[in-house]
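# Observations on chain architecture
Listed below are the residues making up each chain.
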Amino acid sequence: MYLHVGNNKNIRIKEIIGIFDTDNATVSTVTRRYLSEAEKRGEIEVVGYEIPKSFIVYIHKGKRTVCLSPLSSSSLLGRISHNR
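Now for a quick tour of the structure. Everything quoted here is computed from the prediction, not taken from an experiment.

### A look at the pairing of strand β2 (residues 9-12)
By the bridge criterion, four bridges tie strand β1 (residues 2-6) to β2 in an arrangement that is antiparallel. Along β2, the bridge assignment pairs His4 with Asn10.

### Comments concerning the pattern of salt bridges
As enumerated under the stated definition, the model contains four salt bridges in all. Here Lys9 ties to Glu45 by a salt bridge, and the two come within 3.4 Å at their closest N and O atoms. Of this pair, Lys9 sits in strand β2 while Glu45 sits in strand β4 (residues 44-46), and the two are 36 residues apart along the sequence. Since its relative accessible area comes to 25%, Glu45 is described here as partly exposed.

Quick notes on the rules
Residues numbered from 1 in each chain as written. Predicted model: local features only at pLDDT ≥ 70, side-chain atom pairs only at ≥ 80, totals over all residues. Heavy atoms only, no water. Pairing = 2+ DSSP bridges. Helix = DSSP H or I, 4+ residues; strand = E, 2+ residues; numbered from the N terminus. Salt bridge = Lys/Arg side-chain N within 4 Å of Asp/Glu carboxyl O. Buried < 20%, exposed > 50% of the residue type's maximum accessible area, 1.4 Å probe, protein only.

Right, dumping it as structure tokens:
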């Protein structure tokens, strides 16, 4: 099964490590540091032009990637629940 995260981007559900709300998660300095380091390593993938509401951490072909999505984390989790 796949999760549509916006703008024709789909991620295999079994590859997802976590789905995080951008507003709540980025309050932590640890999360901000993680995202900053991921950007430096080229692991950030932006979906769409809107302000990201969530980010998805997943592994594809052995590479960890952080996908910034314009969809809310609750919408994404609802899609996963609906597909099961």
